[in-house]
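Listed below are the residues making up each chain.
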Amino acid sequence: MNKKLQGFLKPLFKTVFILTLVLTLAFSHGSDALAARSGGRIGGGSFRMPSSRTYAPRPNMPSSGGYYAPYGGGFGFPFLLPLWGFGGGFGGLFGILIFFAMANFLVQTFRRVTSEETEEVSYNSNPSVSVTRLQVGLLAQARDLQTELNHIAETADTNTPAGRSEILQEASLALLRHPEYWVYAGGGTQQAKLNAAESQFNRLSLAERSKFSEETLSNVNNQLKAVLSKEALKEALSGEDNPTRLISEGPGEYIIVTLLAATLGKCQIPAINSADDLRQALRQIGSLPSEQLLAIEVLWTPQAPGDTLTSDDLFAEYPDLKLV
C-alpha cells in the first residue's frame, strides 16, 4: 500500500512542480512586459482630396490683356466674317477663311470639353495609395539619435505637407547617420484605395503605439505633449536623474524607430535583407515629395530618460525584424 501511495504521489508532485515553474516564469515575464516602456510620436496629415481645383490658362480663354486669339472660339469675329465677306465680293477667299475659323472653333471647343471631363474624372476618382512601414532596431549606444528625434518632435510643423515631408527627411537622415548601430530592420508597402487607406494606416499606427506603456513625447497635428515616464519620475524624485543619460547602455538594449508614410500612387520600398537594402529604403522614404504625402508618423521607443528596451522585449514585440 505504501508503494502504491508513493507511486501515486511522485507523479503528482512532479506535475505540481512543473506547473509552479511554468506559472512563475509566465508571471515573471508578464511583469517585465508590463514594465513602463516610453515612446515618442510625431504625426499628421489627412486622407481627404483637395476640395478645389486650379486650372491652367488655356489658349482659347481670355487673358488679363484682353482677347487672346483671333479664332479662339469667341463669338463675334468668325461669325461677322460672313456679313463682310459675302457682301464685299471676295466670297471665295473669305469662304476659305470662314471654313478655317469655324473648324478651329469646333476643335478648340472639343478640346476644352474633353479636358474638363478628364479633370472631373481624375478629381472624383478613388486613386491608389501606398502605405509604407519601415522599422529600424539600433543599439542603445546611439544616444544622439534620441536627441535628434526629440528635437524634431519639439520643433516640427506637422500641419503642412512641406512640414511633414521635412519630418520624414530629418528622421531618415538621423537614422542614416548611425549605420554603425543598426542591428535589425524590417518593413514593407501595402497598396490600398484612398477610401480604405486611412484604416490601413491607422491599424499600423495603433499596432506600434500599443507597444508603448506611455507616450512621453508627442507632436501630432501641431499638438505638442510631453510627460515624464514613471521611471523618470522616480529618478527625478530620488535625485538620481542624470540629464545627460537618455537611456542605460547595458548589453542587449535597443532603440526601435518606426517610419509610417501614406503616399498617393505607387511607392514600393525594397525588401530589407541587408544594410544596403535598409540604406536604400531610408533614402527612398526620406525623399518622398510633399505633394504625394497624405499622412506620416514617426514613432520610437524608449523615449524617456532611464527607460530601456531589452532583447527579450524586442523579440516579443518585434518578431518580424531581421538582422542587418
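Everything quoted here is computed from the prediction, not taken from an experiment.

Considerations on the overall build of the protein chain
Phase 1 of the analysis: A tally of helices and strands in the protein chain yields 9 helices and 8 strands.
Phase 2 of the analysis: Here the protein chain, with 324 residues, has 38% of them falling under the buried criterion.
Phase 3 of the analysis: Considering only residue pairs separated by 6 or more positions, the protein chain has 86% of its internal contacts joining residues 24 or more positions apart.
Phase 4 of the analysis: Accessible area of the protein chain: about 18500 Å², with a carbon and sulfur share of 61%.

With respect to unusual backbone geometry
Phase 1 of the analysis: P302 follows T301 through a cis peptide bond whose omega is -5°.
Phase 2 of the analysis: The topology assignment puts P302 in the loop between β7 (293-301) and α9 (311-317).
Phase 3 of the analysis: For N221, which is not a glycine, the phi torsion comes out positive at approximately 55°.
Phase 4 of the analysis: Assignment of secondary structure puts N221 in the loop between β4 (214-220) and β5 (223-226).
Phase 5 of the analysis: Positive phi values are uncommon outside glycine, yet N222 reaches one of about 65°.

Things to note about helix α6 (residues 194-209)
Phase 1 of the analysis: For α6, with 16 residues, the first-to-last C-alpha span of 23 Å sits near the 22 Å given by 1.5 Å per residue.
Phase 2 of the analysis: If you follow the buried residues of α6, they end up packed against β1 (38-45), β2 (128-139), β3 (182-193), β6 (254-264) and β7.

Details of the sheet that holds β4
Through backbone hydrogen bonds, the strands of a sheet pair up, either in parallel or in antiparallel fashion.
Phase 1 of the analysis: Strand order in the open sheet made by the 8 strands is β5-β4-β1-β7-β6-β2-β3-β8, with mixed pairing throughout. With partners counted over all chains shown, the strands left at the sheet margins are β5 and β8 (322-323), one partner each.

Points about the pairing of β7
Look at any regular strand and the pattern is simple: side chains alternate between the two faces of the sheet.
Phase 1 of the analysis: Summarising burial for β7: 9 of the 9 residues are buried, a large majority.
Phase 2 of the analysis: Sheet topology places β1 next to β7; 6 bridges connect them, and they run antiparallel. The residue of β7 that forms the bridge with R41 is L299.
Phase 3 of the analysis: The pairing of β6 with β7 spans 8 bridges and is antiparallel. Opposite A262, over in β7, you have A295 as the bridge partner.

Details of the packing of aromatic side chains
Phase 1 of the analysis: Inspection of every chain in the model, using the stated rule, returns 3 aromatic pairs.
Phase 2 of the analysis: Ring centres of Y184 and Y254 lie 5.9 Å apart, and the angle between their planes is 70°; on these two criteria the pair is classed as edge-to-face. Here Y184 is found in strand β3, whereas its partner Y254 is found in strand β6, with 70 residues between them in sequence.
Phase 3 of the analysis: Ring-pair connections join several aromatic residues into one group, and the members of that group are Y184, Y254 and F315.

Points about the pattern of salt bridges
Phase 1 of the analysis: Under the criterion given, the structure shown has 8 salt bridges.
Phase 2 of the analysis: The closest approach of N and O atoms between R37 and D313, which form a salt bridge, is 3.2 Å. You can see R37 sitting in the loop between α1 (2-33) and β1 and its partner D313 sitting in helix α9, a full 276 residues away along the chain.
Phase 3 of the analysis: For E317, the salt bridge identified is with R37, shortest N-O distance 3.7 Å. Within this pair, whereas E317 is found in helix α9, its partner R37 is found in the loop between α1 and β1, the two being separated by 280 residues in sequence.
Phase 4 of the analysis: Classification of E317 as partly exposed rests on a relative accessible area of 26%.
Phase 5 of the analysis: A residue is classified by how much of its surface remains accessible, and R37, at 4% relative accessible area, is buried.
Phase 6 of the analysis: Several salt bridges share partner residues, and in doing so they unite R37, D313 and E317 into one network.

Cut-offs applied
Residues numbered from 1 in each chain as written. Predicted model: local features only at pLDDT ≥ 70, side-chain atom pairs only at ≥ 80, totals over all residues. Heavy atoms only, no water. Helix = DSSP H or I, 4+ residues; strand = E, 2+ residues; numbered from the N terminus. Buried < 20%, exposed > 50% of the residue type's maximum accessible area, 1.4 Å probe, protein only. Contact = heavy atoms within 4.5 Å. Areas by Shrake-Rupley, 256 points an atom, 1.4 Å probe, with all protein chains shown as cover. Expected span 1.5 Å × (residues − 1). Pairing = 2+ DSSP bridges. Phe/Tyr/Trp six-rings, centres within 6.5 Å; stacked < 30°, edge-to-face > 60°. Salt bridge = Lys/Arg side-chain N within 4 Å of Asp/Glu carboxyl O.

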